[in-house]
Amino acid sequence: MNTDEDAVRDWLRAARQVTVLTGAGISTESGIPDFRGPQGVWTKDPAAAALFTLENYLLDPEIRRRSWRGRRDHPAWQAEPNAGHLALVELEKAGRLRAVVTQNIDGLHLRAGHDPRQVLEIHGTLYDVECLQCGRTTTMRENLERVEAGEDDPHCLVCGGLQKAATISFGQALKPEVLEACLAAARDCDLLLAVGSTLTVQPAAGLVDVAVRAGARLVVVNRDPTPYDGMASALLREPIGEVLPRLVAPLAA
Ligand SMILES: [Zn+2]
């Protein structure tokens, strides 16, 4: 254990409102690949990322068929929350958590047992499907059952419109009410714990600026360097599933 870690434990104990910002790095230990890290799916294959824009999704039935197969085969369905996710639930139980803002769509924070009001899924969730025409929301489960039954691009059963996972695609606007809630959580906190995020994707990266400008202390827990390391009061490079439980353990005592 290093001195940075001891300092972070002290800050957590003193903090009233901790906002946690999480990225793909917290879910890799649950077996969900990272898309933007050095070994990420999109880092190694930028052409694949370029295909998955909202515009291409609307225009190209083959992109939609591939997307539905990708949803069906997504590793999230086999994944379980890991020790890192569970440690953040302990932070909530200790009364220190303002919010978890996550870039992940895998639902693992919710499955770990948080109060759903404490989790802000800034890039949406894989667990719901939205009709792009009438806005109706249905479960991913019922749509994947239609895929399994042979529909390769299930349309809305009410209006016949195209449907998509309730996740934010490239070229798709964020939900304003979710963004507003994230900004409030960044402004309100006295400690921002950035976990497993490269802090290179907006608006998540901008939330760090908001929090620090509002006077919060920044702690970065990430294997690789981020553009915000210079602003951080502490940098922790250890595996997330090991370091987070050590950080929150004294709060439970
Ligand atoms: Zn519809």
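See the structure printed just above.
In what follows, the accompanying structure is described. Being a predicted model, the structure only gives us computed values, none of them experimental.

**Focus: the coordination of the zinc ion**
- Every protein donor of the zinc ion is listed here as Cys-131 (SG), Cys-134 (SG), Cys-156 (SG) and Cys-159 (SG), and their distances to the metal cover 2.3 to 2.4 Å.
- Here the zinc ion is ringed by 4 donor atoms whose angles at the metal span 98 to 116°, and the overall shape comes out tetrahedral.
- Between consecutive donors of the zinc ion, the numbers of intervening residues give the motif C-x2-C-x21-C-x2-C. Of the two residues, Cys-134 sits in the loop between β4 (124–131) and β5 (137–139) while Cys-159 sits in the loop between α8 (140–148) and β6 (163–167), which places them 25 residues apart along the sequence.

**With respect to unusual backbone geometry**
- For the bond running from Gln-202 to Pro-203, omega is 5°, close enough to zero to count as cis.
- Its place among the elements puts Pro-203 in the loop between β7 (191–195) and α10 (204–213).
- Although it is not a glycine, Leu-199 adopts a positive phi angle of roughly 55°.
- Owing to a relative accessible area of 2%, Leu-199 belongs among the buried residues under this scheme.

**Brief notes about the sheet that holds β4**
- Strands sit in the order β5-β4-β6 across an open sheet of 3 strands; the sheet is antiparallel. Only two strands of the sheet have a single partner each, and these edge strands are β5 and β6. In this sheet, adjacent strand axes meet at a mean angle of 45° when their direction is disregarded.
- Note: β4 against β5, 3 bridges, orientation antiparallel. When the bridges of β5 are listed, Val-129 appears paired with Thr-138.
- Across the sheet, helix α5 (residues 61–72) lies against β4 and β6, angled at about 50° from β6, the strand it touches most.
- Lying on the sheet, α8 is in contact with β4, β5 and β6; it crosses β5 at an angle near 70°.

**Comments concerning the nonpolar core**
- Within the largest apolar cluster, 25 residues are counted, with the highest numbers of intra-cluster contacts made by Val-20, Leu-91 and Leu-244.
- Only α1 (3–14), β1 (18–22), α6 (83–93), β2 (97–102), β7, β8 (217–221), β9 (234–236) and α11 (240–252) provide two or more residues apiece to this core.
- Counting residues per element, this core draws most heavily on α11, which supplies 6 residues.
- The residues touching Val-20, leaving out its near neighbours within four places in the chain, are Leu-88, Leu-91, Leu-97, Ala-99, Val-100, Val-101, Leu-193 and Val-195.
- In terms of nonpolar packing, the next biggest core, distinct from the first, is built from 23 residues, Leu-21, Leu-199, Val-210 and Ala-232 among them.

Cut-off values and rules
Residues numbered from 1 in each chain as written. Predicted model: local features only at pLDDT ≥ 70, side-chain atom pairs only at ≥ 80, totals over all residues. Heavy atoms only, no water. Donors = N, O, S within 2.8 Å, 3.2 Å for Na, K, Ca; no water. Tetrahedral: all angles 85-135°; square planar, octahedral: opposite > 155°, others 65-115°. Helix = DSSP H or I, 4+ residues; strand = E, 2+ residues; numbered from the N terminus. Buried < 20%, exposed > 50% of the residue type's maximum accessible area, 1.4 Å probe, protein only. Pairing = 2+ DSSP bridges. Axes fitted to C-alpha atoms, helices over the stretch in contact; angles between N-to-C directions. Contact = heavy atoms within 4.5 Å. Core = buried A, V, L, I, M, F, W, Y, C linked by side-chain atoms within 4.5 Å.

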